Amino acid sequence: MTQTLKIFFLILFALNYNTKAQDKKVSSITTSDHVKLYTKKSGSGPVCIFIHGGPGAWSASFENLGGNKLESDLSMIYYDQRGSGKSDNSPDGNYSPDRMIEDIEEIRKQYGADKVYLLAHSFGGVLATSYALKYPDHVKGIILANCTLNLKYSLQQQINYMNELMNTDFKITDSTLLPDFIKAKNALAKKGLDYKMLSDHKQNIELLNSIDSKNPSTYDFAQKAFSIKEYWQDYTPITQSIATPVLVITGTKDHSIGEDHYNSFLFPNKQVVKINGGHILYYEENKQFVKAIADFIRKTER
C-alpha cells in the first residue's frame, strides 16, 4: 500500500477508548462465500453491531479508544469488514455494497439477534443506511457517528478546508476529484497539518496512528473501494424511506465529513446531537458521545 493511500485512508477512520473488560468474546464467522470475518462480542444489553469507517479501517481503534465504554448499555459486536483489519480478503474481489450488507446480516444471524442497533462511523454510514433499507425488520435503531452518506460531497468539503488552511486554490472537479484530493492532502502533509482533518489536537491523531500501525490488513478493500461506482453515489435521498429511529451525532468542526452534511439526511424519525469537536468525538468528547447514545437507547427501548 502506498504512502499516499495510507494518508487518504486515515481521513475517515473510527476511534474510542476504555479499559473495562466485561464478558469479552473473541470469535469469527465464515460467510456464505467462505470469507472469515473477525468478530468480537463484549458487554451487556441490546445487541449493537459497530460498522467501522475507512473504507478499509478496522474496529480496534474505536474499541480501544473509548467505544468499549458503551458496553455498560449495549452488547457490542465489533467486526472487521472483509479485506480490512483481521478479516480475510474477498477471494473473488467482491466488495460491493450488497456483499458488505450481507456480511452484516450473517453476523446478526450468527449471534442470534432478531433485531440489532447499528453504530456506524464515517464511511460506515453508507453500509448501515443500506442495510437498514434492505432489512428494516431487523434494525431497532441506527446511530450515525460523524458519518458521510455522500463521499463525493465529503471529499469536496475536505478540499475546501485544506485550501483554507494552506491559502491554496486546489480545484474541485467531478472528473478529477480523487486525484485532486490526494494532491491537496499531500501538500497539507508536507506542511505537517494533515492531522487537522480529524482533530485540532495533533497528539490525539498520533495516538490513533499508533493503534492503526498494528493493523495487519493488506488493505484489499481500501484499494478497491474507490473503483466501485456504487460507493460514489449520494445515499442521502434514500434516507427518507427509512422509518427506523436514527441518532445522528455530528461534530461542529468535522472537516472530514462536512460540518453541515447532516442537514441533508432525511430520516423521518431522526434526532441530531451536535458536539463541539471534529471527526473523533468518541475519543475527544467521549462522555458526551456515550451519553448521547445511552439516552437514545433508553428512549428507543421504552
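The structure displayed is predicted, hence computed values, not measured ones.

Examining the packing of helix 5 (residues 151-166) against helix 6 (residues 177-190)
For step 1, the next point in the chain: Taken N-terminus to C-terminus, the directions of helix 5 and helix 6 make an angle of 35°; their axes are 10 Å apart at the nearest point. The hand of the helix 5/helix 6 crossing is left-handed. Here Lys-152, Leu-155, Gln-156, Gln-158, Ile-159, Met-162, Leu-165 and Met-166 of helix 5 come into contact with helix 6, specifically with Leu-177, Leu-178, Asp-180, Phe-181, Ala-184, Lys-185, Ala-187 and Leu-188.
For step 2, the next point in the chain: In terms of residue class, the contact of helix 5 with helix 6 is built from 11 nonpolar, 2 polar and 3 charged.

A look at helix 10 (residues 286-301)
For step 1, the next point in the chain: With 16 residues, helix 10 extends 22 Å from end C-alpha to end C-alpha; this agrees with the ideal 22 Å at 1.5 Å per step.
For step 2, the next point in the chain: Those residues of helix 10 that fall on the buried side of the exposure criterion are Asn-286, Phe-289, Val-290, Ala-292, Ile-293, Ala-294, Phe-296 and Ile-297.
For step 3, the next point in the chain: Turning to helix 10, the residues buried within the fold contact helix 2 (60-64), strand 5 (116-121), strand 6 (139-145), strand 7 (246-251), strand 8 (270-275) and helix 9 (281-284).

Description of the pattern of salt bridges
For step 1, the next point in the chain: One pass over the structure, following the stated rule, counts 15 salt bridges.
For step 2, the next point in the chain: Of the charged contacts, one joins Asp-103 and Arg-99 as a salt bridge, the two residues approaching to 2.9 Å between their closest N and O atoms. One end of the pair is Asp-103 and the other is Arg-99, both in helix 3 (residues 97-110) and 4 residues apart, which spans about a single turn.
For step 3, the next point in the chain: Relative accessible area serves as the criterion here: at 10%, Arg-99 is assigned to the buried category.
For step 4, the next point in the chain: Residue Asp-295 pairs with Arg-298 through a salt bridge whose shortest N-O separation is 2.6 Å. Note that Asp-295 and Arg-298 are positioned in helix 10 at a spacing of 3 residues, about one turn of the helix.
For step 5, the next point in the chain: Taking relative accessible area as the criterion, Arg-298 reaches 47% and is therefore assigned partly exposed.
For step 6, the next point in the chain: Salt bridges here are not isolated pairs; linked through shared partners, they connect Asp-33, Arg-82, Arg-99, Asp-103 and Glu-106.

What to know about unusual backbone geometry
For step 1, the next point in the chain: The linkage connecting Gly-54 with the following residue, Pro-55, adopts the cis geometry, with an omega of -5°.
For step 2, the next point in the chain: As for its placement among the helices and strands, Pro-55 is situated in the loop between strand 3 (47-51) and helix 2.
For step 3, the next point in the chain: Although it is not a glycine, His-34 adopts a positive phi angle of roughly 70°.
For step 4, the next point in the chain: Positioned with a positive phi, Asn-146 is a non-glycine residue whose angle comes to about 50°.
For step 5, the next point in the chain: Relative to the elements of secondary structure, Asn-146 occurs in the loop between strand 6 and helix 5.

Notes on the nonpolar core
For step 1, the next point in the chain: The biggest cluster of nonpolar side chains holds 53 residues, and the ones touching the most others in it are Ile-49, Ile-51, Leu-118, Leu-144 and Tyr-231.
For step 2, the next point in the chain: Not counting chain neighbours up to four residues away, the residues in contact with Tyr-231 comprise Tyr-95, Ser-96, Pro-97, Met-100, Phe-123, Val-126, Leu-127, Leu-151, Phe-221 and Ala-225.

Focus: the pairing of strand 6
For step 1, the next point in the chain: Counted residue by residue, strand 6 has 6 buried out of 7 residues, so it is predominantly covered.
For step 2, the next point in the chain: Relative to strand 6, strand 5 is paired through 6 bridges, and the arrangement is parallel. Bridge pairing in strand 6 links His-121 to Ala-145.
For step 3, the next point in the chain: Running through helix 4 (residues 124-134), the crossover from strand 5 to the neighbouring parallel element strand 6 is right-handed.
For step 4, the next point in the chain: In terms of strand pairing, strand 6 meets strand 7 through 4 bridges, oriented parallel.

Here's the deal with the packing of aromatic side chains
For step 1, the next point in the chain: According to the stated counting rule, one finds 12 aromatic pairs in the structure shown.
For step 2, the next point in the chain: Taken together, a centroid distance of 5.9 Å and an interplanar angle of 65° make the contact between Phe-221 and Tyr-231 edge-to-face. Linking Phe-221 in helix 8 (residues 220-225) with Tyr-231 in the loop between helix 8 and strand 7, this pair joins segments that are 10 residues apart in sequence. Comparing Phe-221 with Tyr-231, the two get one shared label, buried.
For step 3, the next point in the chain: Aromatic side chains Phe-265 and Phe-267 sit 6.2 Å apart centroid to centroid with 85° between the ring planes, which places their arrangement in the edge-to-face category.
For step 4, the next point in the chain: You can call Phe-265 buried: its relative accessible area is 3%.

The rules behind these values
- Residues numbered from 1 in each chain as written.
- Predicted model: local features only at pLDDT ≥ 70, side-chain atom pairs only at ≥ 80, totals over all residues.
- Heavy atoms only, no water.
- Axes fitted to C-alpha atoms, helices over the stretch in contact; angles between N-to-C directions.
- Helix = DSSP H or I, 4+ residues; strand = E, 2+ residues; numbered from the N terminus.
- Left-handed = near helix turned anticlockwise from the far one by under 90°.
- Contact = heavy atoms within 4.5 Å.
- Nonpolar A, V, L, I, M, F, W, Y, C, P; charged D, E, K, R; others polar.
- Expected span 1.5 Å × (residues − 1).
- Buried < 20%, exposed > 50% of the residue type's maximum accessible area, 1.4 Å probe, protein only.
- Salt bridge = Lys/Arg side-chain N within 4 Å of Asp/Glu carboxyl O.
- Core = buried A, V, L, I, M, F, W, Y, C linked by side-chain atoms within 4.5 Å.
- Pairing = 2+ DSSP bridges.
- Right-handed = clockwise from strand over helix to strand, strands pointing away.
- Phe/Tyr/Trp six-rings, centres within 6.5 Å; stacked < 30°, edge-to-face > 60°.

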